[in-house]
Amino acid sequence: MIDSAEMVKKVFTQKSGRVETNKGDEYYNELFDSAKERLSSLRAQEPLKDIDLMDVIDSEGVNRRDFMKWVSATTATLMLPPMFAPLVAEATELMNRVPVIWIELQDCAGNSEALLRSAAPTVDDLLFDVLSLEFHEALQAAAGHDADRQLEEAVHHFKGDYLLFVEGAIPMANEGRYGTIGASGETFHDHLQRMAKDSAAVVAVGTCATFGGVPAAAPNPTGAVGVMDLVKGKPIINIPACPANPANMVGVVLHYVLTGQVPELDSLLRPKFAFGYRIHDNCERRAHFDAGEFVEEWGDIGAENNWCLYKVGCKGPMTFNNCSIVRYNEGTNWPVGVGRGCIGCSEPDFWDKYAYERPMANANIKAPTGGVEKTVDEFGLGLLTATTVGIGVHAIGSAIAGKKSDEGEE
Amino acid sequence: MKTVEIVERIEGEAKLNCSWDNNVISDARIDFLNFRGFEFILEGKAPLDALVYTPRICGICGQAHLKATVDALENIYENINEKLEVTPKAKLLREIGLNIEIIDSHIKWFYMFILPDIIKLKQNDLGIYQPLKGSRWLGASKTASETIKSLAILGGQWPHTSYMIPGGVVTDPTLLDLSSMMNYIDTAVMFFEKSVAGVSFDKYLDFDSRDDLNILSGDMKYFTNLAFENSFQKIGTSHNRFIALGESSLFKTGKIRQRAINKLDLSKVREFTEQTFTIEDRANPKKHTWSKAVCYDNNFYETGPLARAMIGNKPFIKELHKSFKDSVFTRVMARMDELAHLLDNTKSLIKQVDISEESYIKPKINLKDIDSAKATSVVEACRGSLYHDIEIEKGKIKKYDVITPTVWNLGPSHKEQKGIAQKAIIGSKSLDIAKIVLRSFDVCSVCTTH
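Right, let's walk through the structure included here. Since we're looking at a predicted model, the values are computed, not measured.

### Structural notes on the nonpolar core
Here is step 1 of the chain: If you look at the biggest cluster of nonpolar residues, it comprises 255 residues, and the most contacted ones within it are A:Leu164, A:Leu192, A:Val227, B:Phe192, B:Tyr204 and B:Met333.
Here is step 2 of the chain: In terms of residue count, the dominant contributor to this core is helix α4 (residues 88-120) of chain B (18 residues).
Here is step 3 of the chain: Apart from residues lying up to four places away in sequence, B:Tyr204 is in contact with B:Phe192, B:Ala197, B:Val199, B:Leu216, B:Met220, B:Phe316, B:Asp337 and B:Ala340.
Here is step 4 of the chain: The next biggest cluster of nonpolar side chains, apart from the first, holds 11 residues, and it includes B:Ile243, B:Leu264, B:Val269 and B:Trp408.

### Here we look at the sheet that holds strand β2 (residues 132-136) of chain A
Remark on secondary structure: sheet strands pair via backbone hydrogen bonds, oriented parallel or antiparallel.
Residues and elements named next belong to chain A.
Here is step 1 of the chain: Pairing within the open sheet is parallel, and its five strands lie in the order β2-β1-β3-β7-β9. What marks the edges here is a single partner per strand, and that holds for β2 and β9 (236-239). Direction aside, neighbouring strands of the sheet carry axes that sit 20 degrees apart on average.
Here is step 2 of the chain: Pairing of strand β1 (residues 99-104) with strand β3 (residues 163-167) involves five bridges; the strand directions are parallel. Among the inter-strand pairings, Ile-103 is bridged to a residue of β3, identified as Val-166.

### Overview of the interface of chain A and chain B
Here is step 1 of the chain: Listed by partner, the interface residues are 68 residues for chain A and 77 residues for chain B.
Here is step 2 of the chain: Between chain A and chain B, a total of about 6,000 Å² is buried, with carbon and sulfur atoms accounting for 56% of that surface.
Here is step 3 of the chain: Taken together, the links from chain A to chain B amount to four salt bridges.
Here is step 4 of the chain: We note a salt bridge from A:Glu330 to B:Lys149, for which the minimum N-O separation is 2.8 Å.
Here is step 5 of the chain: Counting the contacts that link chain A with chain B gives 26 residue pairs in polar contact (both at pLDDT 80 or more).
Here is step 6 of the chain: Where the side of chain A that touches chain B is concerned, the elements lending two or more residues are α6 (110-116), α7 (124-130), α8 (144-157), β5 (180-181) and α16 (350-353) of chain A.
Here is step 7 of the chain: Of the residues contributing to the side of chain A that touches chain B, the split by class is 36 nonpolar, 17 polar and 15 charged.

### Quick word on the pairing of strand β2 (residues 14-21) of chain B
Residue and element names in this part refer to chain B.
Here is step 1 of the chain: Summarising burial for β2: seven of the eight residues are buried, a large majority.
Here is step 2 of the chain: Inspection of the sheet shows strand β1 (residues 2-7) paired to β2 by six bridges, in the antiparallel sense. Directly across from Val-4, in β2, lies its bridge partner Asn-17.
Here is step 3 of the chain: The turn linking β1 back onto β2 is made up of six residues, and Arg-9 within it adopts a positive phi angle of 50 degrees.
Here is step 4 of the chain: Pairing geometry for β2 and strand β3 (residues 24-31), over seven bridges, is antiparallel. Bridge pairing in β3 places Trp-20 opposite Ile-25.
Here is step 5 of the chain: Here β2 hands over to β3 after two residues, with Asn-22 in that stretch at a positive phi of 50 degrees.

Cut-offs used in this document
Residues numbered from 1 in each chain as written. Chains lettered and ligands numbered in written order. Predicted model: local features only at pLDDT ≥ 70, side-chain atom pairs only at ≥ 80, totals over all residues. Heavy atoms only, no water. Core = buried A, V, L, I, M, F, W, Y, C linked by side-chain atoms within 4.5 Å. Buried < 20%, exposed > 50% of the residue type's maximum accessible area, 1.4 Å probe, protein only. Helix = DSSP H or I, 4+ residues; strand = E, 2+ residues; numbered from the N terminus. Contact = heavy atoms within 4.5 Å. Pairing = 2+ DSSP bridges. Axes fitted to C-alpha atoms, helices over the stretch in contact; angles between N-to-C directions. Buried area = accessible area lost by both parts, 1.4 Å probe. Salt bridge = Lys/Arg side-chain N within 4 Å of Asp/Glu carboxyl O. Polar contact = N/O pair within 3.5 Å; in protein donor to acceptor, adjacent residues only side chain to side chain. Nonpolar A, V, L, I, M, F, W, Y, C, P; charged D, E, K, R; others polar.

Purely geometric numbers; function is a separate question.
Structure follows, in structure tokens:
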């Protein structure tokens, strides 16, 4: 049994170098060559959609510069060195070779909404023109029995090749009667298994699909679980958060186009490029944490001066995600930006463990990086369970990730 | 003859069961078959936790749920004689946030959910309205994405923001933030002028007669032509009764049965579950949906933009209603008309924000220390009236009841009365028409069942 105060201390003081951002020239040169090969073989394939991205971009003139900006940002998001930028641009162009099928289960459509607002040079030029979204019940034209048919055809036609995006949890209690789909009344579970069977990989989008999310909050009346609890024998990529950040959805597709593999994952099957560091590590209010300047209650002088939100319940120190860098709504803002604090929505069971007003215990912790150090008082008990998850990820992340990457090969 | 059709592109899925008589739908039943159990999940949680739970009921109208929760929690204080002081600034920022969400939803609904189905009645090629690739579809999607950024400035992200708390808001926008928000709203105003209505914004806002239909030249005109070709001005009529529970600077509370009444007694709002599955029992053949039915004084009422326009005396829509009743045509036009008024209203609200005021004033009592209290709240959401009812015991949520707009409009029948959408669908001559009637209510299945 590790001493709990020690664990709390560890969360706040450890260095965040969990993800190797520089793997050395040899590694990158090899990856560069294999990605180049992969892209040229994709280029030789028939495009699923007859759209030339570069034509679109040229015809829009000014967007080319925006596009290149987006490419370098995306290259960095994927944790690749700048030399990969031209390949990322090419991969974007070739996204129309990889079919995507998107299904919705026990969801609120929030991740679909987020996707619609994806960060791109312009949503229209890039994502929807180039991404080959073969099925998405809310966004496509077909409906009813036509939609059912379109889905069956897509699954048949792209057998073994498509990425299956799943939004929403799967209710397992009472033979799955809390969620059925289509005219036949197929349960969400059966539907998921049938769609997953012929996919190249399954991407669980949002905290419901990854860890059961809100429906799985206590007492979990419908027996909701996430995709990874049910689907076996397929590479699974989890993109949690509520909603998941569209930049990470696009990142996963791009990584797949570029390398033909699922990205390196942590022990919770989250891509390390997005979930490799804590929100706290890159938070714009971090300097105030280090200086011991806290918002004590909303509306106080600390709130007016954008000080650290830790004492009003921010879960940034125990939450792994890149929203402090990527932000939401095309980089417009993020919760900490408006003074609300992170609720930890990309962590398993955050509903029960990390809720809004869970206090932090009296663990006397010194800020890790010097400066005017003050003591953070009134820490909370809720932190302890959270810490277990965080440290668990640290300890075994890389071992499992290696295995998962292998499974993802074509 | 009986048929079953699946209706998608409605935020979730619904099953439409129709009985046919002489090629006309003689009876209709709508099933919602997805359930998550929010009301069960909220039981026993800390009251403030509801602020992060309820917005997740829906990825489209989370702001409305957030505001309903914060209002309900503030009403708790009022009911124990500790009424909170909330500054005009905080109230404005809440209303602005909610408005922006409705603006975003109306744009998407028209271009993504309604137009494609109606165009398909006539031709195979949707042209510029083609989902995911038509220029107008993409323009609408882009406009919605830009508009919602003004809400992200206030709330931190969208969907699923939680910037409102009892006592005010956590957000404290600067003047620069406010002018950025104004710029985003102006993007939507320009889109409305150029694409939606095809007339200048000021001119549109002055519309007050049926003849003004002739001045329209954008997609509302295109829709009007298609609607008249398909007789949508005669199809989809229901009980012709309207209700709006909530109010704001733009909307008025009230109901219309024979005449308009602006006072409501919320204790007359009642839910019925004869046809609704329970968590334990789904074998009962009488039960077919997760949706409850809701009545005011034992009658069904339509809620949503048409109801708000009727109760709020919006001249253009009242004139259209005189000629075309509560038809698909009037209902769709009411939503698009509301878009214009919301844009206008939101711009004026942003101008009223005084950044020198406090955003938040701390309540004297913590909700966790309240022994026993109850409260309700009502909010006008994209699709109509949203009602939250909360009960606190020993500092925890004892009961949380949510009644969403789609329950008012799409819920099952009760006693001898058909539900609003049910009645509107009866008489349709094809499934395609029936689905458009259903869509005219802007259905949200995930909200309905929550």
